[in-house]
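One-letter residues, chain by chain:
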Amino acid sequence: MLFTVFIIVAILLGIALIGLGITMLIKKNGKFPETHIGKNKAMKERGINCANTTDRLERQNYKPIDNK
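Predicted model, so just to flag it, every value in this text is computed and none were measured.

Quick look at the overall build of the protein
Looking only at helices and strands, the protein features three helices and zero strands. Sequence-ordered secondary structure for the protein, helices as α and strands as β, is α-α-α. Computed over its C-alpha atoms, the radius of gyration of the protein comes to 22 Å, more than 25% above the 11 Å expected for a compact globule of 68 residues. Along the first, second and third principal axes, the C-alpha atoms of the protein reach 65 × 40 × 15 Å. The proportion of buried residues among the 68 residues of the protein is 1%. Summed over its atoms, the accessible surface of the protein is roughly 6,800 Å², and 64% of this surface lies on carbon and sulfur atoms. Mean positive and mean negative side-chain charge positions of the protein (11 and 5 charges, respectively) differ by 10 Å.

Examining the pattern of salt bridges
Inspection of the entire model under this criterion finds one salt bridge. A salt bridge links Arg59 to Asp55; the shortest N-O distance between them is 3.0 Å. With Arg59 and Asp55 both in helix H3 (residues 51-60) and four residues apart, the pair spans about one turn of that helix.

Some thoughts on the environment of Gly21
With respect to the element layout, Gly21 can be found in helix H1 (residues 2-26). Along the backbone, Gly21 and Ile11 are 10 residues apart, and their C-alpha atoms lie at a distance of 15 Å.

What counts, and at which threshold
Residues numbered from 1 in each chain as written. Predicted model: local features only at pLDDT ≥ 70, side-chain atom pairs only at ≥ 80, totals over all residues. Heavy atoms only, no water. Helix = DSSP H or I, 4+ residues; strand = E, 2+ residues; numbered from the N terminus. Rg over C-alpha atoms; globule rule 2.2 N^0.38 Å. Buried < 20%, exposed > 50% of the residue type's maximum accessible area, 1.4 Å probe, protein only. Areas by Shrake-Rupley, 256 points an atom, 1.4 Å probe, with all protein chains shown as cover. Lys, Arg positive; Asp, Glu negative; His and termini not counted. Charge placed at Lys NZ, Arg CZ, Asp CG, Glu CD. Salt bridge = Lys/Arg side-chain N within 4 Å of Asp/Glu carboxyl O.

This is the structure we're talking about:
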């Protein structure tokens, strides 16, 4: 039973990867879609950055609290 599920999942993954490959070959300037938040136009318009950029900006603006 477990082996049949594994085979079905492997076949479905194979079909998905082949579909992505064919799409890349058929499209003009075919590339994988950009999924990184920092390069997504809609996220930029909303002012949303990726975690690395947010962390870098927070470190630049860091001011230690003086507890005296």
